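Structural characterization, general
So you can see what is in the structure, the chains are spelled out below.
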Amino acid sequence: MQVLHDAPLAPLTTFRLGGPANRLVTAVTDEEVVEAVREADAAGTPLLLIGGGSNLVISDKGFDGTVLRIATRGVDLAGTRLELAAGENWSDAVARTVEAGLAGVECLAGIPGSAGATPIQNVGAYGQEVATTITEVVAYDRLSGETVTIPNTDCGFSYRHSRFKSDPDRHVVLRVRFALEDAGGLSAPLKYAETARALGVEPGERVAASAARETVLALRAGKGMVLDPEDHDTWSAGSFFTNPVLDADEHAAFLARVAERLGPGTEPPAYPAGDGRMKTSAAWLIDKAGFTKGYGTGPARISGKHTLALTNRGEATTEDLLTLAREVRDGVREAFGVTLVNEPVTVGVSL
């Protein structure tokens, strides 16, 4: 277990933002993770967990406590069953499942970060989300002081959410287990229209899992959503805001604002979200509110490839990023009466 003091955190995040940690601990085994967490809890020391750093916005002041970097490794693929250590690179793990001819996570290719973060955020993209394939999450329970196995049904999965996200100080994910599908090398039925179009098939059809993965990687790269150290459009947390889910009254009010601002024939994106609710597109809202690709003149700007990504152009501070995020959030609310919610976790700061 490596321990550093006054350690910079910016290099550990995809935003490349944030001040130093008083103490940075890097754990490479589950036992070291548990030991570091117990030590911090026993001392009453604030604790921040970092995996791939792809979903964090850290204060310019840094973190006054212990930062635990989870760098555990381990991939166990047996038949259609997959177990990943929390520190495993997620995109690499997806590639391995596709190479094995398995379906279920191929459309989640290229998403940065670690495997342990996937159940926390219920990571999803291009018609798939991990909630449909995760069977169990092995975690250290900081309340009971024990390692527990939590079945899918007790994870509280919903859109970009889980029990781990709603109560972030309770569990530390150690391992994630998945059940995939052996479809003879084919993908799961394609649910996302853009992916199907790019592959020249109809939604609901299957294609080679490798083709689905490669297509998603190309689509993501075109939007600056695949990490590239030379491309500042990828110095981001991916989608900065979640897609709003509106109840019937909120949706009706939203449609009225759209008609007032853009004309009565304008139809915003709408996807049924259950219980009479509708999900609309945050990217559409941002664009129609006037925040187009490349918006901004400072060191933090909207990506030149995708309106949903806020980016560090190389010299930004966290406060620069938050100033832009607040401008976008407030502008969308003024235009359409919808308040966007940030997807990345904020540490020592807030919108």
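Quick look at the structure, then. Note that the structure is predicted; figures quoted are calculated from it, not measured. (Residues numbered from 1 in each chain as written. Predicted model: local features only at pLDDT ≥ 70, side-chain atom pairs only at ≥ 80, totals over all residues. Heavy atoms only, no water.)

1. Some details on the pattern of salt bridges
Short version of the rule: Here, a salt bridge means any side-chain nitrogen of Lys or Arg that lies within 4 Å of a carboxyl oxygen of Asp or Glu. Helix numbers and strand numbers start at the N terminus; a helix is a DSSP run of H or I with at least 4 residues, a strand a run of E with at least 2.
Taken as a whole and assessed by the stated rule, the structure comprises 15 salt bridges. The partner of Glu136 in a salt bridge is Arg177, with the nearest N and O atoms 2.9 Å apart. A residue pair is termed long-range when its members are at least 10 positions apart, and Glu136 in strand E11 (residues 134-141) and Arg177 in strand E13 (residues 171-179) qualify at 41 residues.

2. Topic: the sheet that holds strand E5 (residues 63-70)
Here is the rule we go by: Strands qualify as paired when DSSP identifies two bridges or more between them. Only the stretch in contact is used when a helix axis is fitted, and all axes are lines through C-alpha atoms; the angle between N-to-C directions ranges over 0 to 180 degrees. Whether two residues touch is decided by their heavy atoms; if any such pair falls within 4.5 Å, the residues are in contact.
Spatially, four strands are ordered E1-E2-E5-E3 in an open sheet, and the strand pairing comes out mixed. With partners counted over all chains shown, the strands left at the sheet margins are strand E1 (2-8) and strand E3 (47-50), one partner each. Neighbouring strand axes in the sheet, compared pairwise and without regard to direction, differ in orientation by 30° on average. Sheet strands in contact with helix H1 (residues 30-43) are strand E2 (20-27), E3 and E5, and its direction is about 145° off that of E2.

3. Things to note about the side chain of Thr234
The condition is simple: Each residue gets one of three labels from its accessible area relative to the maximum for its type: buried under 20%, exposed over 50%, partly exposed in between, using a 1.4 Å probe on protein chains only.
With respect to the helices and strands, the residue Thr234 is situated in the loop between helix H6 (209-222) and strand E15 (245-246). Residue classification places Thr234 among the buried residues on the basis of a relative accessible area of 3%. Setting aside residues no more than four positions away along its own chain, Thr234 makes contact with Thr14, Gly224, Val226, Leu227 and Asp228.

4. Section: the pairing of E13
In summary, the side chains of a regular strand alternate between the two faces of the sheet. Within E13, seven of the nine residues are buried, which leaves the element mostly enclosed by the surrounding structure. Direction of pairing for strand E7 (residues 81-85) relative to E13: antiparallel, over a ladder of five bridges. Opposite Glu83, over in E13, you have Arg177 as the bridge partner. With seven bridges joining them, E11 and E13 adopt antiparallel strand pairing. In the sheet register, Ile134 faces E13, and the bridge partner there is Phe178.

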